[in-house]
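In case you want the letters, here they are:
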Amino acid sequence: MAAPTIKSRIPAKAKKGEIIEIKAQITHDMETGQRKDAAGKVIPRKIINKFVVTWNNDIVTSGDWHTAMSANPFVTCYALATESGKIKLAFHDDSGEVYEQVSEITVE
Amino acid sequence: MAKKVEGWSRRDVLAAAGIGCVAMAAPKMAQATPQEADDLVKKLIGGAAPKEGKVQLKIKDVAESGAAEPIAVSVDSPMSAADHVKAIHVVAEGNPAPGVSSWFLTPKSGKAEVAFRMRLAKTQVVRAYAVMSDGSVWMAKQEIKVTIGGCGG
């Protein structure tokens with residue numbers, strides 16, 4: 001599988017106290033470990049098991065994901081705009097890899 | 001969108017052709033039961049007794065596809081430091097594993113709402129639980145009919 005790519009929609013500007021919407025999607029098979037390949041061998045599980053949104057390194061929202069999350073997970077969550085800085089989305093893979101994307105936001 | 005990703009395109013094709021039933025047979029034998037879902041909920045929320053209300057589960061009555069069904073959970077809460085939602089747990093009664101996802105919110109979340117797409121193996125009841133900062137637990141549940149994901153289930 002090609003390296004996962006993360007797409008997100010996060011506003012670049014917000015007013016202090018505004019609740020912003022964060023939409024994010026990562027390309028990932030989210031292989032459940034329940035399927036078999038053509039030879040009858042079980043395809044090992046490989047999913048994103050954790051998703052973390054941080055704003056200037058403070059955790060906003062996180063999620064523990066299980067096999068019932070769809071392939072190419074597409075999620076929406078929210079954040080309260082308090083100060084300008086960086087919003088980081090982190091996707092933790094079963095393999096131990098962490099895929100991240102950082103967006104800048106200006107809060108006025 | 002998902003068509004280009006290896007593996008999923010194959011499943012889509014199989015499911016569409018109806019041969020998918022063969023591939024789906026194995027997980028079908030190991031499906032969770034409402035009892036297993038209850039056990040998982042106990043683990044997630046402890047001894048608290050969930051009350052119905054406050055939680056809104058936005059999900060269709062009939063799923064278009066069991067592979068990626070949009071679901072949104074929102075909870076009535078001011079999300080202040082004193083009164084906020086700490087966790088949202090989504091549990092499926094009829095999937096191979098009952099856990100779908102657990103979300104941990106903070107006052108910085110601003111709004112107690114999350115949305116994502118989930119897999120549904122067959123027609124089943126989906127439940128959402130919200131754990132509040134005062135320790136109370138609220139829930140909502142809804143049945144969703146699945147025709148493609150579960151081979152006509």
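Residues numbered from 1 in each chain as written. Chains lettered and ligands numbered in written order. Predicted model: local features only at pLDDT ≥ 70, side-chain atom pairs only at ≥ 80, totals over all residues. Heavy atoms only, no water.

## Section: the overall build of chain B
So, step 1. A tally of helices and strands in chain B yields 3 helices and 9 strands.
So, step 2. Listing every helix and strand of chain B by position from the N terminus yields α-α-α-β-β-β-β-β-β-β-β-β.
So, step 3. Out of the 153 residues belonging to chain B, those deemed buried represent 47%.
So, step 4. Here the analysis covers contacts within chain B between residues at least 6 apart in sequence; of these, 65% occur between residues at least 24 apart.
So, step 5. Put simply, chain B shows about 7100 Å² of open surface, and 59% of that area lies on carbon and sulfur atoms. (Helix = DSSP H or I, 4+ residues; strand = E, 2+ residues; numbered from the N terminus. Buried < 20%, exposed > 50% of the residue type's maximum accessible area, 1.4 Å probe, protein only. Contact = heavy atoms within 4.5 Å. Areas by Shrake-Rupley, 256 points an atom, 1.4 Å probe, with all protein chains shown as cover.)

## Observations concerning the pairing of strand 7 (residues 113-118) of chain B
All names here are of chain B.
So, step 1. Counting buried positions along strand 7 yields 5 of 6 residues, so the element is predominantly enclosed.
So, step 2. Bridge analysis of strand 4 (residues 69-75) against strand 7 gives 6 bridges, and the strand direction is antiparallel. By the bridge assignment for strand 7, S74 is matched with E113. (Pairing = 2+ DSSP bridges.)

## Some points on the interface of chain A and chain B
So, step 1. Across the boundary between the two partners, chain A contributes 31 residues, which contact 35 residues of chain B.
So, step 2. Overall, the association of chain A and chain B removes approximately 2900 Å² of surface from exposure, summing both partners, and the carbon and sulfur fraction of that is 52%.
So, step 3. Broken down residue by residue, the surface that chain A buries against chain B is led by R35(A), A68(A) and Y78(A), which jointly contribute 21%.
So, step 4. For the pair chain A and chain B, the number of links is 1 salt bridge.
So, step 5. Here K108(B) ties to D58(A) by a salt bridge, and the two come within 3.6 Å at their closest N and O atoms.
So, step 6. Here chain A is connected to chain B by 15 residue pairs in polar contact (both at pLDDT 80 or more).
So, step 7. Going through the elements one at a time, strand 3 (19-26), strand 5 (58-65) and strand 6 (74-80) of chain A are the ones with two or more residues in the side of chain A that touches chain B.
So, step 8. The element contributing the most residues to the side of chain A that touches chain B is strand 5 of chain A, with 8 residues.
So, step 9. Residue composition of the side of chain A that touches chain B, by class: 15 nonpolar, 11 polar and 5 charged.
So, step 10. As paired elements, strand 5 of chain A and strand 6 (residues 99-105) of chain B share 5 bridges and run antiparallel to each other. When the sheet's bridge partners are listed, W65(A) is paired in strand 6 of chain B with S101(B). (Buried area = accessible area lost by both parts, 1.4 Å probe. Salt bridge = Lys/Arg side-chain N within 4 Å of Asp/Glu carboxyl O. Polar contact = N/O pair within 3.5 Å; in protein donor to acceptor, adjacent residues only side chain to side chain. Nonpolar A, V, L, I, M, F, W, Y, C, P; charged D, E, K, R; others polar.)

## With respect to helix 3 (residues 34-45) of chain B
Residue and element names in this part refer to chain B.
So, step 1. Spanning 12 residues, helix 3 covers 16 Å between terminal C-alpha atoms, matching the ideal 16 Å at 1.5 Å per step.
So, step 2. Buried residues of helix 3: A37, V41 and I45, and no others. Looking straight down helix 3, one finds that the buried residues subtend no more than 50° of arc, so they occupy a single side. Turned more than 90 degrees away from the buried face of helix 3, the exposed residues are K42 and K43.
So, step 3. Elements in contact with the buried residues of helix 3: strand 5 (85-92), strand 8 (124-132) and strand 9 (137-146).
So, step 4. Once helix 3 finishes, G46 follows within two positions and takes phi at roughly 75°, a positive value. (Expected span 1.5 Å × (residues − 1). Arc of directions from axis to C-beta.)

## Here's the deal with the confidence of the model for chain B
Residues and elements named next belong to chain B.
So, step 1. Summary statistics for chain B give a mean pLDDT of 82 and a share of 76% for residues scoring 70 or more.
So, step 2. Residue range residues 1-5 is modelled with pLDDT below 50. Its contacts to residues more than four positions away, or to other chains, number 8 contacts.
So, step 3. Here residues 13-29 is a poorly scored stretch, pLDDT under 50, and it has 14 contacts once near neighbours within four places are set aside; other chains count. (pLDDT = per-residue confidence, 0-100.)

## As for the side chain of D93(A)
Residue and element names in this part refer to chain A.
So, step 1. Relative to the elements of secondary structure, D93 occurs in strand 7 (residues 85-93).
So, step 2. For D93, a relative accessible area of 4% puts it in the buried group.
So, step 3. Engagement of the side chain of D93 in a polar contact is seen with the backbone nitrogen of S95, the distance being 2.8 Å.
So, step 4. Excluding residues that lie within four positions of it along the chain, D93 makes contacts with H28, K46, I47, I48, N49 and Y99.

## Comments concerning the pattern of salt bridges
All names here are of chain B.
So, step 1. A complete count under the given rule lists 11 salt bridges over all chains for this structure.
So, step 2. Residue E113 is joined to K58 by a salt bridge in which the shortest nitrogen-to-oxygen separation is 3.9 Å. Linking E113 in strand 7 with K58 in strand 2 (residues 55-58), this pair joins segments that are 55 residues apart in sequence.
So, step 3. A residue is classified by how much of its surface remains accessible, and E113, at 16% relative accessible area, is buried.
So, step 4. Among the residues examined, K58 registers a relative accessible area of 45% and is labelled partly exposed.
So, step 5. Between R127 and E93 there is a salt bridge whose closest N-O contact spans 2.7 Å. One end of the pair, R127, is in strand 8; the other, E93, is in the loop between strand 5 and strand 6, with 34 residues separating them in the sequence.

## Here we look at the nonpolar core
So, step 1. In terms of nonpolar packing, the biggest core is built from 55 residues, with F91(A) and W103(B) touching the most fellow members.
So, step 2. When near neighbours in sequence (up to four residues on either side) are disregarded, W103(B) contacts F51(A), T61(A), S62(A), G63(A), W65(A), M69(A), V75(A), K86(B), A87(B), I88(B), V114(B) and F116(B).
So, step 3. Counting 9 residues, the second-largest nonpolar core is a separate cluster that includes V41(B), I45(B), A87(B) and V91(B). (Core = buried A, V, L, I, M, F, W, Y, C linked by side-chain atoms within 4.5 Å.)

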